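An overview of the molecular structure
What follows is the residue order along each chain.
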Amino acid sequence: MEEYTGSPDKNTDAIFNIVMEEFSCCGVTGAADFASLTDNTKWNQKNVPDSCCKEMESNCGNNYTADNDKINHEGCLTKTSNWVETNMMIAGIVAVAVVVLQILAIIMACALRRGGQGVLA
């Protein structure tokens, strides 16, 4: 957060903006992070990024206040942690399925190798 400038040319800022848009969140622990955790020489601490807005509009994050209902106030750490916990079961099932398919492919390759030894010799 300390290095956040809001520049679309800076990869970390662009990724952070995408996360805030996709998860409807703002900052790490909340929108107030932009007032306390950013470097005031790189970021106007009275603002939050437009990616924090519930509906994207130009400069919608300017002059942020805690009671602004147009801003997502929940932090991204909580939102992404909840998403990972919710989707962990699906990821585990997919991983096990891939491992089983790989083992079956190895078994079939060994069987084909053994069965074809006398054909070409």
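A quick note: this is a predicted structure, and the numbers were derived from the prediction, not measured.

It is worth spelling out the pattern of salt bridges at this point. This structure, assessed with the given rule, holds 1 salt bridge. In this structure, K79 and E74 form a salt bridge, with 4.0 Å as the shortest nitrogen-oxygen distance. Judged by its relative accessible area of 38%, E74 is partly exposed.

Of all hydrophobic cores here, the largest spans 15 residues; its most connected members are M20, F34, V48, C52 and I71. In this structure, F34 is in contact with M1, Y4, F16, M20, C26, G27, W43, Q45, N47, V48, P49 and C52, ignoring residues within four places of it in sequence.

Here helix α1 (residues 11-22) spans 16 Å end to end across 12 residues, near enough to the 16 Å set by a 1.5 Å rise per residue. Residues D13, F16, N17 and M20 constitute the buried set of α1. The buried residues of α1 occupy one face: seen down the axis, they fall within an arc of 100°. Exposed and oriented more than 90 degrees from the buried face of α1 are N11, I15, I18 and E22.

Let us look at the state of the cysteines. A covalent bond between the sulfur atoms of two cysteines is what we call a disulfide. A complete count under the given rule lists 3 disulfides for this structure. Across the disulfide, C25 is cross-linked to C76 (sulfur-sulfur distance 2.0 Å). Its S-S torsion of approximately 95° makes the covalent link between C25 and C76 right-handed. Linking C25 in the loop between α1 and α2 (33-36) with C76 in helix α3 (residues 76-115), this pair joins segments that are 51 residues apart in sequence.

Once that is clear, we can look at the confidence of the model for the protein. Looking at the protein as a whole, the pLDDT averages 85, with 94% of positions reaching at least 70. Considering each helix and strand of the protein separately, the mean pLDDT is smallest for helix α4 (residues 117-120), with a value of 53, and largest for α3, with 91.

Turning next to unusual backbone geometry. Non-glycine residue N59 carries a positive phi angle of around 60°. Secondary-structure assignment places N59 in the loop between α2 and α3. Residue N59 is classed as partly exposed on the basis of its relative accessible area, which comes to 48%. Look at N63: it is not a glycine, yet its phi comes out positive at around 55°. Along the chain, N63 falls in the loop between α2 and α3. You can call N63 exposed: its relative accessible area is 55%.

Basis of the calculations
- Residues numbered from 1 in each chain as written.
- Predicted model: local features only at pLDDT ≥ 70, side-chain atom pairs only at ≥ 80, totals over all residues.
- Heavy atoms only, no water.
- Salt bridge = Lys/Arg side-chain N within 4 Å of Asp/Glu carboxyl O.
- Buried < 20%, exposed > 50% of the residue type's maximum accessible area, 1.4 Å probe, protein only.
- Core = buried A, V, L, I, M, F, W, Y, C linked by side-chain atoms within 4.5 Å.
- Contact = heavy atoms within 4.5 Å.
- Helix = DSSP H or I, 4+ residues; strand = E, 2+ residues; numbered from the N terminus.
- Expected span 1.5 Å × (residues − 1).
- Arc of directions from axis to C-beta.
- Disulfide = S-S within 2.5 Å.
- pLDDT = per-residue confidence, 0-100.

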